[in-house]
Structure formats: structure tokens, C-alpha cells
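Below, each chain spelled out in residue letters.
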Amino acid sequence: MPEDPYVELRAFLDRFPLGFPPTPSGVELKILKRLFTPEEASLAVKLSARPEGVEEIAERTGMAPGALEPILDAMARKGLVFKMRRQGKACYNAAPFMIGLYEYSVKRIDPELAALYREYYDSAYADEMGASHVPGFKVIPVNRHVASDLVLLPYQKMEEDIRSARVIAVTDCICRKEAALVGEACDHPLETCLSFGAAAEYYIENGLGRRISADEAIRILEEADESGLVHAGANSKHLSNICNCCPCCCASMKGITRKGMKRRQFMNAIFEAVVDEDSCTACEVCVDRCPVGAVSVDDWAVVDRDRCLGCGLCAGTCPTEAITMKLRQDREEPFDRVLDMGLAILEGKKKHAKVPSGRETA
């Protein structure tokens, strides 16, 4: 008897660095049934984690390339596979659950799917995200919060990185959209999720986001900063995305703020907030501004380095400019490639005994 395509797809997705673990309730299968038809689920498991042309995929599926390509294109429009172009040729690869299927459902999510996502996060996925103790995101403050005497590498200068991007897209934050649909909306802006390069082209081509200029991207970033959102991108030196995250809705930040997990399980802090004690008036504005409760005040503000994200939100609102953002001397550099990060996450999960032996990348 053929295996249930959704069970097969669950096992396939669970081989990615950020996996797709089973739960006693089977809520993850309910999610897959909302996203995929049985035929789409059966096709998805035949894709690779690396981009391939339709002819290469067709050889594994037994389908004619001419019949297969429109199906893959339709799945790309639904956010079920990733599509990119290499030298003008369409290539496709499997999408993990995160970053992937979850984020790509931004135009499809409804109250039922949002409730399933929430149940899965609470029962399994928060633990999955933090299991490796390898942070999936790096945090970079906006330029004006960084000490002016610092010599920064290109990836540490966010606005310059944005201006050098080939193409930029913006879409709604899936985390805040999910929260709103389950009755937990916050007041932060919604259209703040930025993507760049091939990721941006995917969002634009498939109607998941809209193309914007570098100037508009920086304006969105500034407005997000004013709203108190944390600027976090994939923990690699290549700029592929910037999520502007709130502590109440963000899947990563909720692990810290609501589940008491360690900052380093989710966020790589490149910078840290440094207080000039002579300039500090103990006004406590920074206490209210910090999204993770890393600042306390006695005679002056004191920053808990282990909790500090290096986001710069406190520095941006300090009335006496007593706080500046400086590079951590003990910082962990982001990975050169997302692939390197994925391999480190797999090794981290084995080290921390959160992943069964034999589980490997797709």
C-alpha cells in the first residue's frame, strides 16, 4: 500500500536543518493538508534542496518536462516550492517549513491555518527552532545607532547593504499576520518583511510581495525602528532578508520573551549596547524600549550582555545619547553561506541530543 503522501512529506521536511518534527496530535499533518494537495505533496518530496532545471526533476518523476513545468510554476505561486532563474533558465527546489512554507503562505493564511501554525509552534516548533543553539538570525542596528568611530565590514552596514541589492521586495510579516488572525494583534506595522536578490524575485514573480526601491526599503526600516522592531536577517554574511521583529509575535523572539529560552538559541548579537555612566540620567526610557528586558536602572542603566540583542533600539531613544552600539569583542561572525549555517544547525542538534540519529539534510 503506498505511503500517505503527507506522512512522506513530513518526513522529507524533517530532514532539513530546521526540521518538521511530528507531534502526538498530528497538527503538522493538518498544516500540510491545508497547504498541499496529495499530488503536490507527492511531487514535493521528489525535489532537491538545491535548485534544479525542470529536465533534471522530470527524470526523477517520470513526467514529461512540458507537463511538469506548469505544475511546478503553480506550486511556486502557492508558495510550495522555491523558483529562481539561472542564466534565464527556471530552476526549482524544495522549500523547508521555515524559512520557507510558513513565510510563503503570507497571502494564503486564514484563521484556520493561523490556529494550526500557533498550535504547532507551541507544541513543537519553538523547541525545534532553538534545539541546535545555533542562531538562525543575526541582528543589525540601523546605521545611526552605531558608534561613529567604528570600522565596519560591509554586512555590518545595513543601509549600504540594502542600497547594493539588485532587487528588493516587501511583504507582510507572517508572524504578525498569524497573531492578528488568532486574536492577538499588536500595534506594530505589518508590511515590513524585506527580501533581496533571488528571494525578492521569487516574492515578486509569484505575487507574494511587491517590488520596492532602496529608498522605500530604508524608509520601512526607519519606521520599523521607530515602532520598536528588531532588524534581523538570516545569520549569514549575504543579505537575503530582513525581518523586522516584535517581541510579542515573532516566532524567534517569542522563544526568548515568552518561553524563557536563551537569546543565542535564536539571535546572533553582532553589536552590544554600551552605556556612558556619566551621561546617563537613569530616566528608564531604555528599560521600556528594550524588547527583551536586557536593561535595568539603578544609579545608571546597566545592560545584561547575555540578553542584549544588539538591536540599537535603546540607543535610538536615549535622550542624553548615553548609549551607543559597539561591536562585541567576543562576537560570533555570521556564516559565509546559508548552507554553512544549515550544516552547523544539524550538528548542533546532534550535539544537544534534540535530533534522532540518522536525520540529515534533504
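Our structure is the block above this text.
Here is a short report on the structure shown in this document.

1. Some words on the environment of Arg219
By secondary structure assignment, the location of Arg219 is in helix 11 (residues 214-227). Note on Arg219: relative accessible area 38%, which makes it partly exposed. A polar atom in the side chain of Arg219 sits 2.9 Å from the side chain of Glu223.

2. Things to note about the environment of Val27
Here Val27 is to be found in helix 2 (residues 27-35). It is 8.4 Å that separates the C-alpha atoms of Val27 and Tyr117, two residues lying 90 residues apart in sequence. Apart from residues lying up to four places away in sequence, Val27 is in contact with Leu116, Glu119, Tyr120 and Ser123.

3. Quick word on the sheet that holds strand 3 (residues 89-94)
Spatial ordering of the open sheet is given by 1-3-2, a layout of 3 strands whose pairing is antiparallel. The open sheet has two edge strands with one neighbour each: strand 1 (52-53) and strand 2 (81-86).

4. A look at the sheet that holds strand 10 (residues 267-269)
Read from one edge to the other, the open sheet built from 7 strands follows the order 7-5-6-9-8-4-10, with strand pairing classed as mixed. In this open sheet, the two edge strands, each paired with only one partner strand, are strand 7 (210-212) and strand 10. Mean inter-strand twist for the sheet, computed between neighbouring axes without regard to direction, equals 35 degrees. Relative to strand 6 (residues 191-196), strand 5 (residues 168-172) runs antiparallel, the two sharing 5 bridges. Counterpart to Ala169 in the pairing with strand 6 is Ser195.

Reading the values: rules and limits
- Residues numbered from 1 in each chain as written.
- Predicted model: local features only at pLDDT ≥ 70, side-chain atom pairs only at ≥ 80, totals over all residues.
- Heavy atoms only, no water.
- Helix = DSSP H or I, 4+ residues; strand = E, 2+ residues; numbered from the N terminus.
- Buried < 20%, exposed > 50% of the residue type's maximum accessible area, 1.4 Å probe, protein only.
- Polar contact = N/O pair within 3.5 Å; in protein donor to acceptor, adjacent residues only side chain to side chain.
- Contact = heavy atoms within 4.5 Å.
- Pairing = 2+ DSSP bridges.
- Axes fitted to C-alpha atoms, helices over the stretch in contact; angles between N-to-C directions.

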